[in-house]
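An overview of the molecular structure
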Amino acid sequence: KAGVTQTPRYLIKTRGQQVTLSCSPISGHRSVSWYQQTPGQGLQFLFEYFSETQRNKGNFPGRFSGRQFSNSRSEMNVSTLELGDSALYLCASSPEGTSSYNEQFFGPGTRLTVL
Amino acid sequence: AQSVTQLGSHVSVSEGALVLLRCNYSSSVPPYLFWYVQYPNQGLQLLLKYTSAATLVKGINGFEAEFKKSETSFHLTKPSAHMSDAAEYFCAVSDGGRGSTLGRLYFGRGTQLTVWP
């Protein structure tokens, strides 16, 4: 099976712009989670989607949003970018009927740089 | 709420030496615990997971971890380090308890492992 794919891998934006990141989970996986990784804050949970519904949400401002499509692919959007949004954004997928013990399979991430 | 503390942001060992990376957790429910590894410019790869089946968990690449409830620890070990083990290692605890469908992971701050020849 192909792994989790994320596009684009690298992105450069300027403050005030918006950005959309895409994630394709492993075939058959219905849960998709997003994490932000920065040197200062480490790995932080953004949100989780399951069957097109947001099931869990982290402590991020409303500028961060996401959605999931019927084929389980997910996108996250960040509006009005700030310098502090520069980070590696990781997407992870879990198998159908996911429970807490199911490991999450991570993609390679999208490196976002905000200038 | 769940949380993870990794003691030591940097660990250096010689090739062939024992690797010990420390992880302590806090969880309001019986935890599910994970160790992930991250190589430069890559995502996270699962090394092993604890789901209550056995306290000593064996993972990939010769790594193992022991769950100690009394010490709330889940330390990662490898008997003999290899140059290819140089990477950043993350301990994580899952949100929710048994039967929960919450998949959120709480990560520690990571431990950078350096292996000297």
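Preceding block: the structure.
Residues numbered from 1 in each chain as written. Chains lettered and ligands numbered in written order. Predicted model: local features only at pLDDT ≥ 70, side-chain atom pairs only at ≥ 80, totals over all residues. Heavy atoms only, no water.

This part covers unusual backbone geometry. Residues Thr7 of chain A and Pro8 of chain A are joined by a peptide bond in cis, for which omega reads -10°. Looking at the element boundaries, Pro8 of chain A is found in the loop between β1 (5-7) and β2 (10-13). For Asn41 of chain B, which is not a glycine, the phi torsion comes out positive at approximately 60°. Looking at the element boundaries, Asn41 of chain B is found in the loop between β4 (33-38) and β5 (44-50). (Helix = DSSP H or I, 4+ residues; strand = E, 2+ residues; numbered from the N terminus.)

All names here are of chain A. Evaluation of the coordinates by the stated rule reveals eight salt bridges over all chains. In this structure, the salt-bridge partner of Arg55 is Glu48, at a minimum N-O distance of 2.6 Å. What makes Arg55 partly exposed here is its relative accessible area of 26%. Asp85 is the partner of Arg63 in a salt bridge, and the nearest nitrogen-oxygen pair spans 2.8 Å. (Salt bridge = Lys/Arg side-chain N within 4 Å of Asp/Glu carboxyl O. Buried < 20%, exposed > 50% of the residue type's maximum accessible area, 1.4 Å probe, protein only.)

Counted by the stated rule, this structure contains 14 aromatic pairs over all chains. Summarising the aromatic geometry, the rings of Tyr35 of chain A and Phe45 of chain A are spaced 5.6 Å apart at their centres and angled 70° between planes, so their arrangement reads as edge-to-face. Placement of the pair is Tyr35 of chain A in strand β4 (residues 31-38) and Phe45 of chain A in strand β5 (residues 42-50), with a sequence separation of ten residues. Residue class for Phe45 of chain A comes out buried when judged on its relative accessible area of 4%. Centroid distance Phe63 of chain B to Tyr89 of chain B: 5.5 Å. Interplanar angle 45°. Geometry classified as tilted. Of the two residues, Phe63 of chain B is situated in the loop between β6 (56-58) and β7 (64-68) and Tyr89 of chain B in strand β9 (residues 87-94); the sequence distance between them amounts to 26 residues. Residue classification places Tyr89 of chain B among the buried positions, given a relative accessible area of 0%. Three or more aromatic residues joined by ring pairs form one cluster here, namely Tyr35, Phe45 and Phe106 of chain A together with Phe34, Tyr36, Phe90 and Phe107 of chain B. Stacked on the ring of Phe50 of chain A, the Lys or Arg Arg55 of chain A has its end atom at 4.4 Å from the ring centre. (Phe/Tyr/Trp six-rings, centres within 6.5 Å; stacked < 30°, edge-to-face > 60°. Lys NZ or Arg CZ within 6 Å of the ring centre and 35° of its normal.)

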